[in-house]
Every structure is written in structure tokens, then in C-alpha cells.
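Structural characterization, general
Letter by letter, the chains look like this.
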Amino acid sequence: MITKPKGTLDFLPEDAFKRLHVEEKLRKIAAVFNYREIRTPAFEKTELFRRGIGEETDIVSKEMYSFNDNEFTLKPEMTAPVIRSYIENSLYNISPVQKLYYISNMYRHERPQAGRYREFSQFGAEIIGSGEYTADIELIALGMFFLKEFGIKNLKIKINNIGNLTERSAFLKDLKLYLNDYTQKLSSESARRLFTNPLRILDSKDQKDIEIVKNAPVLYDYLGEENKNHFQNVLGGLKSLDIDYEIDHNLVRGLDYYTSTTFEILSENLGAQNAVLGGGRYDMLVQQLGGKPTPAIGFACGLERLTLVLQANNYIFPEPKSPDLYLITSGEKAKNKALVLAYNLRMKNVYCELDLLGRSIKSQMKEANKLNARYVVVIGEDELSKNSAKIKKMADGSEVETALNDIVNYNFN
Ligand code: ATP
Ligand code: MG
């Protein structure tokens with residue numbers, strides 16, 4: 001038997017129906033906040049991610065699915081593709097601020113575990129063109145709003161400001177000096193990162209690293225007036241929206257393009273993979289990818305993790321609709337008549353089902369019950385000769401005699 005690749009998911013009809021519900025709800029909320037959808041290819045030139053996300057990040061250094069001699073890569077995240085498209089299509093000419101959202105599959109070659117897959121989907125939003133703190137507040141509020149709309153409780157926002165490149169490089173110099181005394185004590189991963197991506201040592205999950213980092217220089221102390229003010233304004237805005245947050249000066253996030261504000265929304269229902277949503281400002285990315293200097297901010301939310309949180313919160317998903325009508329037939333002639341009738345009813349938006357297995361009347365009746373059909377009509381020799389049939393309402397057993405040709409006009413509501 002051929003099975004699905006490791007770290008991928010099948011969405012059987014029941015799961016697909018739930019996912020569709022989640023997506024529809026997200027789209028409605030995005031519309032209320034006036035974000036418009038953007039779709040980009042499933043794969044991009046590898047160079048886009050190398051330059052956009054950064055060579056030393058986990059994603060680029062070990063998680064990408066690349067092919068055709070590494071020329072192309074299945075997208076591991078959407079911000080770089082969105083910005084590529086923004087520049088390529090000169091979206092700034094349409095409006096100076098672009099508010100975009102996406103729902104799309106991502107691909108990362110990770111070790112699969114609960115809430116961590118190799119193919120997964122994200123809902124994400126980006127505000128491109130505004131450096132105002134109000135954009136940060138709106139975006140975080142959007143993230144918080146839809147999680148609350150789903151009735152999710154026990155959420156925690158962690159927020160930080162990681163400064164601009166100048167502020168960060170001054171900090172990194174001191175951080176490296178400090179960490180140099182601990183090279184033997186750091187986890188092997190962090191010891192390696194000391195040379196490749198020292199900032200990430202700050203959010204190491206390793207207990208030894210955490211102890212060492214406790215006394216390290218604090219990035220916030222290296223911020224200038226502008227970023228400190230920006231940070232305080234964002235916090236003030238969140239307060240005025242009654243959004244609780246926790247400042248975490250070690251929240252640096254895994255992608256190189258972040259500057260200034262970074263944030264994550266965590267759920268206590270997710271175990272080790274506790275981040276349901278993550279994002280931040282990336283004021284340098286547009287420029288870095290060949291566009292004009294353009295500030296921007298965005299987040300991405302993993303839909304599989306969102307689903308796990310919904311399940312843990314006992315979220316009640318809507319039930320799929322049951323058929324309005326089940327057409328039960330007996331005999332070849334009736335079967336053909338019902339086939340046409342069903343087609344005409346469906347053309348009128350009546351959700352109508354009929355047997356495709358040549359089953360007996362009794363087992364068709366069973367099937368109608370199983371499907372929870374609201375009405376049934378039996379068409380057999382008798383009905384054909386009288387040219388009329390009884391429409392039976394299953395809820396109370398009441399019947400209405402109707403000419404066969406009038407069934408199509410019956411109100412099944
Ligand atoms: P993590 O620290 O959990 O690896 P990340 O920093 O790599 O997350 P981002 O790249 O910011 O995550 O992606 C945003 C969101 O996408 C995450 O918060 C999570 O909900 C989801 N996500 C990321 N990687 C995966 C994955 N492999 N499988 C499922 N969801 C994922
Ligand atoms: Mg990751």
C-alpha cells in the first residue's frame with residue numbers, strides 16, 4: 001500500500017468541512033478589517049527565500065523543499081512571496097497602504113510531531129506601507145479578534161521590540177562578548193549559533209541556555225528613542241483595546257527580516273508547539289528584495305494548530321446540511337424518471353439525493369433515514385401510472401399528494 005508522505009495530512013470530508021468553516025470565518029473577519037486576499041504560486045525561486053528569510057535561519061538552512069537543482073522552492077512562508085508580488089506588481093501604485101491576507105499551504109522539512117507538519121496551512125495578514133504604531137495595534141488586534149471570535153480562551157500575547165539594524169548590531173556585539181565566556185556551557189545548537197545567528201540564542205528552549213541568557217545584556221536597553229516610543233505607543237494601544245500582553249525581551253522570532261515590533265500569541269492547549277500565531281515588523285524587507293524602502297508588519301497563524309486549540313476549547317463546529325429530499329425508486333422506469341427529477345430539483349437548489357446501487361425500497365428508506373433527509377418521495381409502478389406521488393415529511397410523517405411533474409415546484413423548506 002502506498003501511504004501519504006510523513007508529516008502530511010489527509011482532510012477527509014468531515015475534516016475538510018471543518019477546515020472550510022474555519023476559512024470562511026477567517027475570510028469574513030479579514031473583510032471586516034478591510035484586508036484583501038492575495039494568492040501567490042506554490043513555489044518560488046529559491047533565491048527569494050534565501051534573501052528574504054536569511055541564510056542562517058532554520059527555515060533556509062535546513063527546512064526548505066528545493067528542486068530543479070535548487071532553482072525553485074516550495075514556499076515555507078508567505079511574507080517573502082507577498083512582498084515579491086507587491087514589488088513585481090507595483091501594488092504601491094494602487095494605494096500607499098496595502099492590507100493583504102492569505103490562506104495557503106506551506107512546506108517545511110521539519111521533524112513531524114503534534115502541531116508540526118511538513119505541509120501545513122497558514123492564515124496570515126500583512127500591512128505594507130505603514131510604519132505607524134497604529135498599524136501594529138490594528139494587526140495584533142486582528143489576530144486577537146479572530147481567536148476570540150472562535151471563543152478561544154487562555155491566550156497569551158508576548159510582545160517585544162527588537163530594534164532596527166543599527167541598534168541590533170550594537171546589542172549583538174555586547175551579546176557576543178558576554179556569551180564568549182560561556183561557549184563551553186551553551187547547548188551545542190547555541191554554541192553554533194554564536195557564530196551564525198546569535199540573536200536566536202535568546203529564545204533557546206534549552207534550560208542551560210535560558211540560565212545563561214538571564215544575565216545577558218538586554219536588547220531593549222539598546223533601542224533609541226524612536227523604537228522605545230513606538231513600543232510604548234503599541235503597548236498603550238493594546239491597553240486601550242483591553243488586550244492583555246506580556247513583555248518578553250527575549251522574543252526575537254525565527255526569521256531574519258524582523259525589525260522593531262515582534263509578537264506571538266500562545267495557547268496553553270498546545271503543549272510544546274504552543275505558538276498559534278507569530279509576527280512582527282519587517283521594515284527592511286521590501287528594500288532588501290529590490291523595492292523602495294517601505295515599512296510593513298504581518299503575522300501568520302498555523303491553521304492545524306488553530307484546529308488543535310479549537311478542539312481543546314470544545315469549539316462546536318456546524319454540522320453539514322442533510323438532504324432536503326431523498327428520492328426512493330422501484331423499477332427501471334421510475335429510476336430514470338427520478339434521475340431527471342433529481343437533476344431538475346438540483347438546478348433549483350434543492351439538495352436532493354437518490355440511490356445509485358439499485359437497492360430495495362426498504363434499504364433506500366434506511367439510507368434516507370441515515371442521511372437525515374427531511375423529505376422522501378417514493379416513485380414506483382403505481383406512482384408512474386397515476387402520475388402522482390406522496391411527498392412525506394420525515395419530522396412528523398405528514399404526506400402531500402403531488403403530480404410527478406409538480407414535485408419540482410414543491411417548497412421543501
Ligand atoms: P515554531 O517556533 O513553532 O517553529 P515558527 O517561528 O517557525 O514556529 P512562523 O514561521 O512564524 O513559526 O509561522 C507562524 C505560525 O505557523 C506558527 O506560529 C505556527 O502556528 C505555524 N507553523 C509554523 N511551522 C509549522 C509547522 N511545521 N506545522 C504546523 N504549523 C506550523
Ligand atoms: Mg519553526
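Before reading on, note that the structure itself is shown above.
Okay, so let's go over this structure.

Parameters and conventions
- Residues numbered from 1 in each chain as written.
- Chains lettered and ligands numbered in written order.
- Predicted model: local features only at pLDDT ≥ 70, side-chain atom pairs only at ≥ 80, totals over all residues.
- Heavy atoms only, no water.
- Helix = DSSP H or I, 4+ residues; strand = E, 2+ residues; numbered from the N terminus.
- Expected span 1.5 Å × (residues − 1).
- Pairing = 2+ DSSP bridges.
- Contact = heavy atoms within 4.5 Å.
- Axes fitted to C-alpha atoms, helices over the stretch in contact; angles between N-to-C directions.
- Near = heavy atom within 4 Å.
- Polar contact = N/O pair within 3.5 Å; in protein donor to acceptor, adjacent residues only side chain to side chain.
- Areas by Shrake-Rupley, 256 points an atom, 1.4 Å probe, with all protein chains shown as cover.
- 1 Å grid on protein atoms, 1.4 Å probe; cavity = no way out; pocket = protein on both sides within 12 Å on 5 of 7 lines; lining within 4 Å.
- Points joined across faces, edges and corners; volume = space filled by probe spheres on them.
- Nonpolar A, V, L, I, M, F, W, Y, C, P; charged D, E, K, R; others polar.

Quick notes on helix 12 (residues 332-347)
End to end, helix 12 covers 23 Å across 16 residues, agreeing with the expected 22 Å (1.5 Å per residue, within 8%). At the exit of helix 12 stands Asn349, carrying a positive phi of roughly 75°.

Details of the sheet that holds strand 5 (residues 98-107)
Note on sheets: strands pair through backbone hydrogen bonds, and any given pair is parallel or antiparallel. Taking strand neighbours across the sheet as the criterion, the eight strands line up as 1-5-6-11-10-9-7-8 in an open arrangement whose pairing is mixed. The strands lining the two open edges of the sheet, one partner per strand, are strand 1 (36-37) and strand 8 (246-247). Two strands pair when backbone bridges link them, and strand 6 (residues 119-128) and strand 11 (residues 296-302) are joined in this way by seven bridges, in the antiparallel orientation. Its bridge partner being in strand 11, Gln122 is matched across the sheet by Gly302. Seen against the sheet, helix 11 (residues 303-312) touches strand 5, strand 6, strand 9 (259-267), strand 10 (275-281) and strand 11 and runs at an angle of roughly 55° to strand 11.

Some thoughts on the site of ligand 1
In the vicinity of ligand 1 lie 15 residues, with Arg108, Glu110, Arg116, Tyr117 and Arg253 positioned nearest. Here a nitrogen atom of ligand 1 sits 2.6 Å away from a polar atom, N or O, in the side chain of Glu110. Compared with its free state, where it exposes 590 Å², ligand 1 has 86% of that area covered by protein. If you list the elements that add at least two residues to the shell around ligand 1, you get strand 6, strand 10 and strand 11. Among the elements that take part in the shell around ligand 1, strand 10 stands out by supplying three residues, more than any other.

With respect to the layout of surface pockets
In this structure, the second largest pocket encloses a volume near 330 Å³. Taken together, 25 residues form the lining of the second largest pocket, with Arg168, Asn197, Leu199, Asp256 and Tyr257 sitting closest to its centre. Among the elements of the structure, helix 2 (46-53), helix 6 (165-180) and helix 7 (188-196) are those that each provide at least two residues to the lining of the second largest pocket. Tallying contributions element by element places helix 6 first for the lining of the second largest pocket, with four residues. Among the residues forming the lining of the second largest pocket, the class breakdown is 12 nonpolar, seven polar and six charged.

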